[in-house]
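Structure at a glance
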Amino acid sequence: MTHKEAKEILAVYRPGTDDERDPVFAEALELARADAHLKAWFEESVAFDRTMKSELARIMAPAEVRDAILAEHKIIRPVPWWHRRMSSRQFAAAAAVLIAGLAFAFWYGQRPATFSEFRREIADQSWGPSPHLQLKATNMVQLRQTLEARGLPARFSVPSTLAQSEVRGCSLLHWRGREVPVICFNSEGQHLHLMVVNRTLFPDAPSRIPQMDQWQAWRTASWSKDNFSYVLTGLSTPNFVKKFRKSKRWDWEG
Amino acid sequence: MPPSEKAFEEVVSAYYEPLYRFALGLSRSEADAADLTQRAFERFGEKAGSVRDVSKAKTWLFTTLYRDFLQQKRRATRFPESELDENIDATIVELPRADVITDANAAVAALNRLEEPFRSALVLFYLQEHSYREIAEILEVPIGTVMSRISRGKEMLRARIESHDSLPAGVAAGKGAHA
């Protein structure tokens, strides 16, 4: 083995790992022990790698992304019936379940909705055929006054990136017996809808970090701040997603 | 079948940090690294049934993230971002992150100057989370190619270090010795 070959092998050697037992390195290590010049080069190479490794290890991954990952996994996703396994006993019980079906349906209708359900239903509805601009407004002050006059939430915060966009107006959607204001923005040519709802309605409402979701063609970003939870939807464009993915630290207009 | 909540949390706890560092090394952007990491775990949460052995989660996550990165890169090449997109990005307030250490940024900056595919191989090498066989599996190349990329990548890294001053003290001190 030449010095050049030994250096090529030793360049990828990682002390303190399984490399120590790897026969690939044995001959090159032996040569480094016997040759003073190669030994010096090798020691410096190891020191260089140690420094690079420790510098890389000092990078702290953002805690909020980890929180978002864990929070997202906690959302309960219903398992489709065709994925569920049924034993013969369970199959026999199906008749009883069928009888109980009506009662279950009643309970299901009465149970509190999850934020995930709200997000999907409201995003879908906001692009539906209902009147688009029931309340016309050209700025947020005017819009808040109109909402307040109707007893609707008006003291919510809008991210400044959105507040700087053109306000077109607002419509009111009816969702499970509640009126939900939908504010319509025009941001850089993109048509966006912002839905505002009282945060206390949803124990599983997202945190301050925008949470991304897709429902049919619509991408949504949802988050909560102070007393309100928000759902923002727009056309399914990469620009939209990118903008709100990058907005983990967006500021607020107050 | 998705993993249990406890199993999922254990996997996130074990691999979140190294996976993010790998993503940052690949994408060279904090926002993109966060996206790549989040998507890898989302997919793991959805499709962990295909990961037969939970102990294989590590390689699965790194492989998935790397494939996602390559896919994004290909897409970016085929559909370059429009001027409008750049305008939108300009409206986003990017605050400096206090928890990202300047020196560590300098080390990453030196790695960032490397071209692919040397960068990905070298980041995995310095993370020391994987055997060479696993690195080869993640990058989908033979072990010999991995070693060659690391060796060549290190040479290039030293060359970059010799031509830049913005490096951590430890690295800068060692650069003369490698000249």
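Above: the structure in question.
Conventions adopted
Residues numbered from 1 in each chain as written. Chains lettered and ligands numbered in written order. Predicted model: local features only at pLDDT ≥ 70, side-chain atom pairs only at ≥ 80, totals over all residues. Heavy atoms only, no water. Helix = DSSP H or I, 4+ residues; strand = E, 2+ residues; numbered from the N terminus. Buried < 20%, exposed > 50% of the residue type's maximum accessible area, 1.4 Å probe, protein only. Contact = heavy atoms within 4.5 Å. Areas by Shrake-Rupley, 256 points an atom, 1.4 Å probe, with all protein chains shown as cover. Pairing = 2+ DSSP bridges. Polar contact = N/O pair within 3.5 Å; in protein donor to acceptor, adjacent residues only side chain to side chain. Axes fitted to C-alpha atoms, helices over the stretch in contact; angles between N-to-C directions. Parallel < 35°, antiparallel > 145°, perpendicular 65-115°, else oblique. Nonpolar A, V, L, I, M, F, W, Y, C, P; charged D, E, K, R; others polar. Core = buried A, V, L, I, M, F, W, Y, C linked by side-chain atoms within 4.5 Å. Domains from an automatic or database assignment. Salt bridge = Lys/Arg side-chain N within 4 Å of Asp/Glu carboxyl O.

Further remarks concern the overall build of chain B. Helix and strand counts for chain B come out as 9 helices and 0 strands. Tracing chain B from N to C terminus, the helices and strands come up as α-α-α-α-α-α-α-α-α. Residues classed as buried in chain B amount to 52% of the 179 residues present. Here the contacts in chain B between residues at least 6 apart in sequence split such that 65% fall between residues at least 24 apart. A total of about 8,500 Å² of accessible surface is found on chain B, and carbon and sulfur atoms cover 51% of it.

Residues and elements named next belong to chain A. Of all 7 residues making up strand 7 (residues 228-234), 7 are buried, and the element is well covered by its neighbours. Across the two faces of strand 7 the burial is the same, with Phe-228, Tyr-230, Leu-232 and Gly-234 and Ser-229, Val-231 and Thr-233 all buried. Bridge count for strand 4 (residues 190-198) against strand 7 is 7 bridges, and the pairing is antiparallel. The residue bridging Asn-198 from the neighbouring strand is Phe-228, located in strand 7.

Here the focus is the environment of His3(A). Residues and elements named next belong to chain A. Summarising the element assignment, His-3 is placed in helix 1 (residues 3-10). Distance from His-3 to Ala-28, taken between C-alpha atoms, is 8.7 Å for residues 25 residues apart in sequence. Leaving out residues up to four positions away in the same chain, His-3 has contacts with Asp-35, His-37 and Leu-38. A polar side-chain atom of His-3 sits 2.6 Å from a polar atom in the side chain of Asp-35.

Now for the packing of helix 2 (residues 23-34) of chain A against helix 3 (residues 36-57) of chain A. Residues and elements named next belong to chain A. The geometry of helix 2 relative to helix 3 is characterised by a closest axis approach of 5 Å and an angle of 115 degrees between their N-to-C directions. When the axis of helix 2 is compared with that of helix 3, the two are roughly perpendicular. Residue-level contacts link Leu-29, Leu-31, Ala-32 and Ala-34 of helix 2 to Ala-36, Leu-38, Lys-39 and Phe-42 of helix 3. Taken together, the residues that form the contact of helix 2 with helix 3 break down as 7 nonpolar, no polar and 1 charged.

Moving on: the side chain of Ser120(B). Residue and element names in this part refer to chain B. Topologically, Ser-120 is positioned in helix 6 (residues 118-127). Owing to a relative accessible area of 0%, Ser-120 belongs among the buried residues under this scheme. For Ser-120, the contacting residues outside a window of four places in its chain are Phe-22, Leu-26, Tyr-66 and Leu-139.

Turning next to the nonpolar core. Among the nonpolar cores identified, the biggest contains 67 residues, and Phe22(B), Phe41(B), Tyr132(B) and Leu157(B) are the most heavily contacted of them. The biggest single contributor to this core is helix 1 (residues 5-27) of chain B, with 11 residues. Shared between two domains, this core takes at least three residues from each, and those domains are domain 1 (1-82) and domain 2 (90-179) of chain B. Residues within four places of Phe41(B) in sequence aside, it is in contact with Ile69(A), Phe8(B), Val11(B), Val12(B), Tyr15(B), Tyr16(B), Leu19(B) and Leu61(B). Ala137(A), Val158(A), Leu162(A) and Trp223(A) belong to the second-largest nonpolar core, a separate cluster that totals 24 residues.

Below, the discussion takes up the pattern of salt bridges. For the coordinates displayed, the defined rule picks out 17 salt bridges over all chains. A salt bridge links Asp68(B) to Arg39(B); the shortest N-O distance between them is 2.8 Å. One end of the pair, Asp68(B), is in helix 3 (residues 57-78); the other, Arg39(B), is in helix 2 (residues 30-47), and 29 residues separate them in sequence. Arg39(B) carries the same exposure label as Asp68(B), and that label is buried. Salt bridges linked by common partners bring Arg66(A), Glu17(B) and Arg21(B) together as one network.

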